[in-house]
Amino acid sequence: MALITRGFGGRGGQRDSRLPPGQTQVDDWPVLTAGATPDVDPSIWEFTLSTESGDPMTWDWDSFRALGMEEFRVDIHCVTHWSRLGMPWRGVSLDRVFEQVETSYDYVMAHSYGGYTTNVPLEELLGGRAWIAFEADGEPLEPEHGGPARLVVPHLYFWKSAKWVRGLTMMPQDEPGFWEERGYHLHGDPWTEERYS
């Protein structure tokens, strides 16, 4: 008679269906940053949206938040294999921002204080799928987590949710940002494991 131990049988139980392939659930929020953490005071924070018109739209801290803060709860998935499920946030939907924008371009480059960039198709930012977040877990975003404001695109790997975001530039074609130039996937869908190019 064969004897099977727990070591061979796994942990048991069902895997949470909200976890993409290759991901492990965490309860904390690991900090992963390339380079120094910018210290951006909300009093000097600005958000600029540039389109092909050549006339950028700019908001300061108060005017951007006045577009309409909302609470949202989403799962986030880091390319380094951790996921946090049902994380509470508060911020402004990018649908609110793009209500005021006319563009024929289909791609966006997000820009951050400190020089970080990441590319995202415009359609991935609309339809209640992306926000500029100012709070997480009921508290203002700490600088180590991208405060005072970060992009949150939860259905893509978390490197697409640029920390310390300061603006978006519309682009006519897809171009790589910081991590994409270093071998990460242009799109970054965790459900199809688009980790690397």
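Please refer to the structure higher up on the page.
Residues numbered from 1 in each chain as written. Predicted model: local features only at pLDDT ≥ 70, side-chain atom pairs only at ≥ 80, totals over all residues. Heavy atoms only, no water.

K.L.:
Pulling in residues and values, what's your account of the packing of aromatic side chains?
P.N.:
This structure, assessed with the given rule, holds 20 aromatic pairs. Relative to Trp159, the ring of Tyr157 lies with its centre 5.8 Å away and its plane at 15 degrees, an arrangement referred to as stacked. Residue Tyr157 shares its accessibility class with Trp159, and that shared class is buried. Joined through ring pairs, the aromatic side chains of Tyr116, Tyr157, Trp159, Phe178, Trp179, Tyr184 and Tyr196 make up one cluster. We note Arg65 situated over the ring of Phe134; from NZ or CZ to the ring centre the distance is 5.0 Å. Over the ring of Phe178 we find Arg182, and its NZ or CZ is 3.8 Å from the ring centre. (Phe/Tyr/Trp six-rings, centres within 6.5 Å; stacked < 30°, edge-to-face > 60°. Buried < 20%, exposed > 50% of the residue type's maximum accessible area, 1.4 Å probe, protein only. Lys NZ or Arg CZ within 6 Å of the ring centre and 35° of its normal.)

K.L.:
Please give an account of the layout of surface pockets that cites residues and values.
P.N.:
By volume, the largest pocket is sized at about 530 Å³. Along its surface, the largest pocket is lined by 28 residues, and Leu32, Thr33, Ala34, Lys163 and Trp179 are the ones closest to its centre. The class makeup of the residues in the lining of the largest pocket is 19 nonpolar, seven polar and two charged. (1 Å grid on protein atoms, 1.4 Å probe; cavity = no way out; pocket = protein on both sides within 12 Å on 5 of 7 lines; lining within 4 Å. Points joined across faces, edges and corners; volume = space filled by probe spheres on them. Nonpolar A, V, L, I, M, F, W, Y, C, P; charged D, E, K, R; others polar.)

K.L.:
Hey, could you go over the sheet that holds strand E6 (residues 107-112) for me, with residue numbers and the actual values?
P.N.:
Read from one edge of the open sheet, five strands run E3-E2-E11-E6-E7, paired in mixed fashion. With one partner strand each, in any of the chains shown, strand E3 (57-60) and strand E7 (117-121) form the two edges of the open sheet. Pairwise comparison of adjacent strand axes, ignoring direction, gives a mean angle of 15 degrees for this sheet. The sheet contact formed by E6 and E7 spans five bridges and is antiparallel. Looking at the pairing, His111 lines up with Thr117 of E7. (Pairing = 2+ DSSP bridges. Helix = DSSP H or I, 4+ residues; strand = E, 2+ residues; numbered from the N terminus. Axes fitted to C-alpha atoms, helices over the stretch in contact; angles between N-to-C directions.)

K.L.:
I'd like a description of the nonpolar core, backed by residues and values.
P.N.:
Grouped together as the largest cluster of nonpolar side chains are 34 residues, with contacts concentrated most on Phe64, Leu94, Phe98 and Ile132. Put simply, the parts of the chain that give this core at least two residues each are strand E2 (46-50), helix H2 (61-65), helix H3 (94-98), E6, strand E8 (131-136) and strand E11 (165-171). Setting aside residues up to four positions removed in sequence, Phe98 forms contacts with Leu49, Leu122, Leu126, Leu168 and Met170. In this structure, Val74, Ile76, Cys78 and Leu141 belong to the second largest nonpolar core, which totals 15 residues. (Core = buried A, V, L, I, M, F, W, Y, C linked by side-chain atoms within 4.5 Å. Contact = heavy atoms within 4.5 Å.)

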